[in-house]
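Letter by letter, the chains look like this.
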Amino acid sequence: MGSLFRSEPMCLAQLFLQSGTAYECLSALGEKGLVQFRDLNQNVSSFQRKFVGEVKRCEELERILAYLVQEIHRADIPLPEGETSPPAPPLKQVLEMQEQLQKLEVELREVTRNKEKLRKNLLELIEYTHMLRVTKTFVRRNVEFEPTYEEFPALDSDSLLDYSSMQRLGAKLGFVSGLIHQGKVEAFERMLWRVCKGYTIVTYAELDESLEDPETGEVIKWHVFLISFWGEQIGHKVKKICDCYHCHIYPYPSTAEERREIQEGLSTRIQDLYTVLHKTEDYLRQVLCKAAESVYSRAIQVKKMKAIYHMLNMCSLDVTNKCLIAEVWCPEADLQGLRRALEDGSRESGATITSFMNTIPTTETPPTLIRTNKFTEGFQNIVDAYGVGSYREVNPALFSIITFPFLFAVMFGDFGHGFVMFLFALLMVLNENHPRLSQSQEIMGMFFNGRYILLLMGLFSVYTGLIYNDCFSKSVNLFGSGWNVSAMYSASHAPAERGKMALWNDSVVRRSRVLQLDPSVPGVFQGPYPLGIDPIWNLATNRLTFLNSFKMKMSVILGIIHMTFGVVLGIFNHLHFRKKFNIYLVSVPELLFLLCMFGYLIFMIIYKWLVYSAETSRVAPSILIEFINMFLFPTTATSGLYAGQEHVQRLLLAVTALAVPVLFLGKPLFLLWLHNGRSCFGVSRSGYTLVRKDSEEEVSLMGSQDIEEGSTPLEDGCREVTCEEFNFGEILMTQVIHSIEYCLGCISNTASYLRLWALSLAHAQLSDVLWAMLMRVGLRVDKTYGVLLLLPVMALFAVLTIFILLVMEGLSAFLHAIRLHWVEFQNKFYVGAGTKFVPFSFRRLSWKFSDDRA
């Protein structure tokens, strides 16, 4: 793992890949994940690149594998997912693998097609059987239930559907039988009546059991129908209507003997189809089980192969078309690994000429690479959400590891709540290798990815909870209070001292609803509590006033220290980028402006804490009034905090007033002086002079010499101004906007840190309200019903504590801590205008089968 303080130094390398070894070399690079490729064919369409045919072949293999995975899932066959990742297949095996997969696909499709055909035939035969069974009852109905027709007067006494009647009618009477969906019966009957004008007789019967539709495979309820009609034209109309309503039509037997023969034949055919279908399914399952053993490794190999050809499409060909040229960004620390990967790829391909690389100078800004591990990854993601750091600038994530959970804990400070959060995060850390946790999605996945952030937030909340002496809104007396109540009684003092102090006696205690402890009375205040707030403040009526004063001043102190640290980090950026004039003309005035006003405010707070005691507290001046008087210059003299305060404050105001014009005009005027007094290409450098800008190569050589030999700060400032077109107005406006934003931001950002006090107060009050409304009620119930009531009250208290105080309040404090880092801290030094280093690595590919389903 590299340094978190800055991104790693990068270089632009040129790879010369022999045509026969390019595939193997990129396979070795993909396994190691060392470089990020640049697209040298940006003006070439994706369909006109050299390896578009190979990419299409990989996509075809992915389609076949997706079909295999779909069939394997449909057959409920488990897919083995290995822990290891097989390498990309050699070119010699690609055609063989493609041929095997294509044969397997053809065989599977044929077997599946035959299986579906057999299944459809079986379902049709089963429907035919049910139709014959139900329609057998239709011809036995009595004639009194059937209508009579005038054109056949001789049939009045016979059953219309009897076989003898059918014979007498001859060819004029016809039948259509089949099955229809239950929901279409009424519309079907209405259509028959309107079209056939009553020249049909329709008989229905509902099947007792639901049958599967041979076309859709859906299990639905069916109705068996039998339609009697006269005339061929009516028969054609009936059949067309049946087709429109998707009826399943089956031949209707004309005699009972024919019916019996058909039923026997159907029974035999159904048994045969069951046997053949079972054997087909067994064979299909055997083929799928065999395919499931290798589909995981083949899917990975195809994805790797496709990724390699995508990278090869970014390379350009040399004039002889025998060598591929690639340009890559590579960390300087990984150059040796890059050379070894090229040697391994050339050796694997058996080429006599090995591929090689060399570094080339460039004026382009490299991508940003900050190596992280599972602990620092979460904090780096918070910073990257604001913006990926510019190349080689100071990375705030290193300091956020401490400052982020600490500022969260200042707002969330509660020993009990922090300990619960710490235990939750600790369980995820201890079980981080569990597959269900590592593969969890949505909210649980967010918690798991930020488990180390939660761990530190809980740990720091335990610490601040001890400082606030808050545990589920109750104070804990670990070391004994430093206040002594008995010393306030007049009996404990000499008669001479009683008149000078406001002491207690029995009548005062009985009459007074509120008693006040006076720390100036000897023996009342015996010393500060060893750790945090004294537990006696939990009983005081002015507890909220005391804690508000303490937390408000603490928030201001922490905020100003945090912002000052951000300005100091900007100095490290200026030193690294060799812009020392920014230190004197930007950073130093910013520090003076911030410290002469708000740094002095911190001094007054701490000075008042240290100098004034309980005896002199009544004559101590107000810090707020003194700070306001610093800018108003009152005509009447004030007591002040210390001697000579007025002169010190006027000196600080003078320094602040002088820092503002320097901050506004210093950098633009200095750059203007550089531009008018010197020329970037006219400076004598190491024995030669660059008179004009002949080519980009000269600029690159000049830049590379600066890196190797170094340069003076004056030359660096010159290069910044004149290597690009100098625009004094733009520089001046940029600096004025930055200065106004900084000066106003110092005031608004300092006030913004008061959210530490506000959220801490809100969290403590919510905890107190929840305790008073639930636990206090449950604990005050008498012994008879107290035990029965206490258990549900504790359960409700635990649920509300988790969802309101831990989740909702925790999320609120988390968002406010992010805002304090992004807006108040990072804008003092962090630009965040870089691009992330995205290496060509096979580890970034997804191996999940859910992505491969068709």
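Before reading on, note that the structure itself is shown above.
Within each chain, residue numbers correspond to sequence positions counted from 1 in written order. In keeping with the predicted nature of the model, local features appear solely for residues at pLDDT of at least 70, side-chain atom pairs appear and are counted solely at 80 or more, and the whole-chain, interface and lining totals rest on all residues. Each side-chain value is worked out from all heavy atoms of the structure, with water and hydrogens disregarded.

Student: Quick question: what am I supposed to make of the overall build of the protein chain here?
Tutor: Going along the chain from the N terminus, every DSSP run of H or I of four or more residues is numbered as a helix, and every run of E of two or more is numbered as a strand. In terms of regular secondary structure, the protein chain is built from 25 helices and 11 strands. Throughout, exposure labels follow a simple rule: accessible area from a 1.4 Å probe, protein chains only, divided by the maximum for the residue type, with under 20% read as buried, over 50% as exposed, and the rest as partly exposed. The burial tally for the protein chain puts 45% of its 854 residues in the buried class. Contacts: residue pairs with any heavy atoms within 4.5 Å of one another. Long-range contacts, defined here as pairs at least 24 residues apart, represent 80% of the contacts in the protein chain between residues at least 6 apart. Surface accessibility in these figures is a Shrake-Rupley result with a 1.4 Å probe; residues are shielded only by whichever protein chains are displayed. Accessible area of the protein chain: about 46,200 Å², with a carbon and sulfur share of 59%.

Student: I would appreciate a short explanation of the nonpolar core in the present structure.
Tutor: Put simply, buried Ala, Val, Leu, Ile, Met, Phe, Trp, Tyr and Cys residues joined by side-chain atoms within 4.5 Å make one nonpolar core. Ranked by internal contacts, the top residues of the largest apolar core, which has 79 residues, are Phe404, Phe408, Met457, Leu601, Met604, Tyr742 and Leu756. Residue contributions to this core peak at 13 residues, all from helix α18 (residues 580-611). Apart from residues no more than four positions distant in its own chain, Phe404 is found in contact with Ile382, Ile453, Met457, Phe814, Ala817, Ile818 and His821. In terms of nonpolar packing, the next biggest core, distinct from the first, is built from 58 residues, Ala291, Ala292, Cys330 and Phe842 among them.

Student: Just to check I follow, could you spell out the sheet that holds strand β8 (residues 248-250) for this structure?
Tutor: Adjacent strands of a sheet pair through backbone hydrogen bonds, lying either parallel or antiparallel. Note: two strands are recorded as paired if DSSP finds a minimum of 2 bridges between them. The antiparallel open sheet is built from 4 strands, whose spatial order is β4-β7-β3-β8. Both edges of this open sheet fall to β4 (200-206) and β8, since each of them pairs with a single strand only. Within this sheet the neighbouring strands show an average axis-to-axis angle of 25 degrees, counted without direction. Bridge count between β4 and strand β7 (residues 222-230): 7 bridges; the pairing is antiparallel. Pairing of Glu206 across the sheet is with His223, part of β7. Helix axes are fitted only over the stretch in contact, all axes being lines through C-alpha atoms; the angle between N-to-C directions runs from 0 to 180 degrees.

Student: So what exactly am I meant to see when it comes to the packing of aromatic side chains here?
Tutor: Two aromatic rings are characterised by how far apart their centres lie and by the angle between their planes. Think of it this way: a Phe, Tyr or Trp ring, Trp meaning its six-membered ring, pairs with another when their centres are within 6.5 Å, and the plane angle makes it stacked under 30 degrees, edge-to-face over 60, tilted otherwise. With the rule as written, the count across this model stands at 40 aromatic pairs. Here Phe175 and Tyr252 contribute two aromatic rings whose centre-to-centre distance is 5.3 Å and whose plane-to-plane angle is 35 degrees, an arrangement assigned as tilted. Of the two residues, Phe175 is situated in strand β3 (residues 173-181) and Tyr252 in the loop between β8 and α7 (256-312); the sequence distance between them amounts to 77 residues. Put simply, the rings of Phe5, Tyr386, Phe399, Phe565, Phe572, Trp822, Phe825, Phe829 and Tyr830 touch in pairs and so form one group of aromatic residues. Whether a charge lies above a ring is judged from NZ of Lys or CZ of Arg, which has to be within 6 Å of the ring centre and within 35 degrees of the ring normal. Sitting over the ring of Tyr67, Arg109 keeps its end group 3.9 Å from the ring centre. Looking at Lys551, its charged tip hangs above the ring of Tyr468, at a distance of 4.3 Å from the centre.

Student: Can you walk me through helix α2 (residues 52-74) in this structure?
Tutor: It helps to recall that an α-helix has 3.6 residues per turn; residues three or four apart then point in one direction. In this model, α2 (23 residues) spans 33 Å end to end at C-alpha, consistent with the 33 Å of a helix rising 1.5 Å per residue. Where α2 is buried, its residues contact α3 (91-135) and α7. Positive phi appears at Asp76, one or two residues downstream of α2, with a value of about 55 degrees. Expected span of a helix: the number of residues minus one, times 1.5 Å.

Student: I keep staring at the pairing of β7 and nothing clicks. Help me out?
Tutor: Along any regular strand the residues' side chains alternate between the sheet's two faces. Most of β7 is tucked away, with 9 of its 9 residues classed as buried. Residues Trp222, Val224, Leu226, Ser228 and Trp230 line one face of β7 and the alternating positions His223, Phe225, Ile227 and Phe229 line the opposite face, and both faces are buried. Both β3 and β7 contribute to a ladder of 9 bridges, which runs antiparallel. Counted as the bridge partner of Ile180 is His223 from β7.

Student: Help me out: how do you make sense of the packing of helix α1 (residues 22-32) against helix α8 (residues 335-349) in this one?
Tutor: Two packed helices can be described by the angle between their axes and the distance between those axes. α8 packs onto α1 with a crossing angle of 135 degrees between their chain directions and a minimal axis gap of 7 Å. Taken as axis vectors, α1 and α8 run oblique relative to one another. Crossing angle aside, the handedness with which α1 passes α8 is right-handed. For the pair formed by α1 and α8, the contact residues are Glu24, Cys25, Ala28, Leu29 and Lys32 on the first element and Gly337, Leu338, Arg340, Ala341, Leu342, Asp344, Gly345, Ser346, Glu348 and Ser349 on the second. Just so you know the grouping, Ala, Val, Leu, Ile, Met, Phe, Trp, Tyr, Cys and Pro go in nonpolar, Asp, Glu, Lys and Arg go in charged, and all remaining residues, Gly too, go in polar. Grouping the constituent residues of the contact of α1 with α8 by class yields 6 nonpolar, 4 polar and 5 charged. We call two directions roughly parallel when the angle between them is under 35 degrees, roughly antiparallel when it is over 145, roughly perpendicular when it lies between 65 and 115, and oblique otherwise. Two helices cross in a left-handed way if the nearer one is turned anticlockwise from the farther one by less than a right angle. They cross in a right-handed way if the turn is clockwise.

Student: How do you make sense of a nonpolar patch on the surface when you look at a structure like this?
Tutor: The patches reported here contain residues having more than 30% relative accessible area and no salt bridge. Joining distances are 9 Å for like charges and 5 Å for nonpolar side chains (Val, Leu, Ile, Met, Phe, Trp, Tyr). Salt bridges are defined by distance alone: a side-chain nitrogen of Lys or Arg within 4 Å of a carboxyl oxygen of Asp or Glu. Side chains of Leu766, Val799, Ile802, Phe803, Ile804, Val807 and Met808 sit close together on the surface and give an oily, nonpolar patch of about 600 Å² of accessible area. Looking at which element gives the most residues to the nonpolar patch, the answer is helix α25 (residues 783-825), with 6 residues. Within the secondary structure, Leu766 sits in helix α24 (residues 755-779). Residue class for Leu766 comes out partly exposed when judged on its relative accessible area of 35%.

Student: Mind showing me how you'd approach the environment of Tyr452 here?
Tutor: Inspection of the secondary structure puts Tyr452 in helix α14 (residues 451-468). Taking C-alpha positions, Tyr452 is 9.6 Å from Phe422, a pair spaced 30 residues apart along the chain. Sequence-distant contacts of Tyr452, defined by excluding residues within four places in its chain, comprise Lys374, Phe375, Phe379, Val429 and Glu432. There is a polar contact of 2.9 Å between the side chain of Tyr452 and the side chain of Glu432. By the criterion applied in these results, polar contacts are pairs of N or O atoms within 3.5 Å in which, for protein atoms, one can donate a hydrogen and the other can accept it, and in which residues neighboring in sequence qualify only through two side-chain atoms.

Student: So what exactly am I meant to see when it comes to the environment of Tyr600 here?
Tutor: Inspection of the secondary structure puts Tyr600 in helix α18. Its relative accessible area of 4% is what places Tyr600 among the buried residues. Residues Tyr600 and Gln649, spaced 49 residues apart in sequence, show a C-alpha to C-alpha distance of 8.7 Å. Residue contacts for Tyr600: discarding those within four places in its chain leaves Leu595, Met630, Tyr642, Gln645, Val648, Gln649 and Leu652. Here the side chain of Tyr600 touches Tyr642 through a polar contact of 2.9 Å, side chain to side chain.

Student: I would appreciate a short explanation of unusual backbone geometry in the present structure.
Tutor: Outside of glycine, negative phi angles account for most residues, and trans bonds account for most peptide bonds. Backbone geometry at Arg392 places phi at a positive 70 degrees, although glycine is not the residue there. Relative to the assigned elements, Arg392 resides in the loop between α9 (377-386) and α10 (397-412). A positive phi angle, near 75 degrees, is found at Ser473, a position not held by glycine. Inspection of the secondary structure assignment puts Ser473 in the loop between α14 and α15 (495-498).

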